[in-house]
Amino acid sequence: MIVNLPYSALRAFEAVVRLSGFSAAADELGVSQSAVSQHVKALEEWLGQALLVRGARYSRPTQEGEHLARAIRDGLGRVSDVCTHLRDKAKTDRTIVVSCLPGFAFNWLFPRLLHFDLAHPELSVSIATDTGEAPFGGGADVGIRYGVGDFPGAQAERLMHERLFPVCAPALLPRITKIEDMWQQTLLMDENLHHGTASPTWDFWARACGLTAPAPRKTRQLGQSNMIVQAAIAGLGVALGREPLVIDALMSGQLVRPFPQITRSPLSYWLVQREDAPTSERISVFRDWILEQAAQQADIPPPRHHEN
């Protein structure tokens, strides 16, 4: 049988013994010194014996009091450990860690996560951005990767294809009324495309569209795809738009397509999980949501020609 114990009094008594005084115990418990004293007195009356030898500045436990304080400390410590484990487990069960490249996170995923939060307030998504050199990073549950779909040790599901086309700020349109004019502008280039001949470069786009790409007058190399997008929005040059990364800026009018030439990239975006990953309801919820978001993505707006 479990006795109906006075837990508040037991906790107060243990704090007095551990901290050698009523004042320090009161500070730790966030109550008045008088309240702690009353708890200890009530405990002594309940047990029928003294538990403390009270002094002017310090109080020490009797032999029985020391034995009781140790039992309380051990018992409450085990209870605390179990409660901490349960709380951490519940937190883990509510959190989804997604690993992806900074450019995709900044330009496509972040603007859409609000919809996930509103639809699933019981879950929390944490984004871990990394270089994408491995399928997973930062202890992620799932990853969003860019490539041809070959990710050793992972099961990959295509999230979306990618199309390529030039984009620029509306203010640049008067300078590029025909394709030949574009090569006279600053071309923005991503210096971190490492996919060999499959990399979505200006040369790849030109060949796929049946165009001759002369050496551009000027180029600007940038280290991240989101920096490419921001530089194009700022009017610093013409970028080769990668569909998911520029679609929102196109829809808002921050970027425009000066020409109709468009081609599919050899690379795609993939949702990846470890091959041995157990089935998880929270991951299934995220998977269904992000696949729906990809399917609902707006189509690319038509080219916007300069009007005299």
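To keep things clear, this report deals only with the structure shown in the data block. (Residues numbered from 1 in each chain as written. Predicted model: local features only at pLDDT ≥ 70, side-chain atom pairs only at ≥ 80, totals over all residues. Heavy atoms only, no water.)

### Let's talk about the pairing of strand β8 (residues 186–190)
Within β8, four of the five residues are buried, which leaves it mostly tucked inside the rest of the structure. Relative to strand β9 (residues 218–222), β8 is paired through five bridges, and the arrangement is parallel. Among the inter-strand pairings, Leu-187 is bridged to a residue of β9, identified as Thr-219. Alignment of β8 against strand β10 (residues 238–242), held across two bridges, turns out to be parallel. Bridging from a neighbouring strand, Leu-188 pairs with Ala-239 of β10. (Buried < 20%, exposed > 50% of the residue type's maximum accessible area, 1.4 Å probe, protein only. Helix = DSSP H or I, 4+ residues; strand = E, 2+ residues; numbered from the N terminus. Pairing = 2+ DSSP bridges.)

### Description of the pattern of salt bridges
Within the structure shown, the criterion is met by 14 salt bridges. One salt bridge in this structure joins Arg-242 and Glu-162, with 3.2 Å as the shortest N-O distance. Linking Arg-242 in strand β10 with Glu-162 in the loop between β6 (154–160) and β7 (163–167), this pair joins segments that are 80 residues apart in sequence. For Arg-242, a relative accessible area of 10% puts it in the buried group. Among the ionic pairs, Arg-287 bridges to Asp-288, the shortest N-O distance being 2.7 Å. Take Asp-288: its relative accessible area is 45%, and that puts it in the partly exposed class. (Salt bridge = Lys/Arg side-chain N within 4 Å of Asp/Glu carboxyl O.)

### Quick word on a nonpolar patch on the surface
Side chains of Leu-5, Tyr-7, Trp-46 and Leu-47 sit close together on the surface and give an oily, nonpolar patch of about 390 Å² of accessible area. One can find Leu-47 in helix α3 (residues 33–47). Residue class for Leu-47 comes out partly exposed when judged on its relative accessible area of 36%. (Patch = residues over 30% accessible without salt bridge, like charges linked within 9 Å, V, L, I, M, F, W, Y side chains within 5 Å. Areas by Shrake-Rupley, 256 points an atom, 1.4 Å probe, with all protein chains shown as cover.)

### Observations concerning the sheet that holds β6
Spatially, β4-β3-β5-β12-β6 is the arrangement adopted by the five strands of the open sheet, whose pairing is mixed. Of all the strands in the sheet, the pair left with one neighbour each is β4 (124–129) and β6. Neighbour-to-neighbour, the strand axes of the sheet open up by a mean angle of 25°, direction not taken into account. Here strand β5 (residues 142–147) pairs with strand β12 (residues 268–274) via five bridges, running antiparallel. Across the sheet, the residue bridging to Gly-143 is Val-272, located in β12. (Axes fitted to C-alpha atoms, helices over the stretch in contact; angles between N-to-C directions.)

By themselves, these are just geometric observations and shouldn't be taken as functional.
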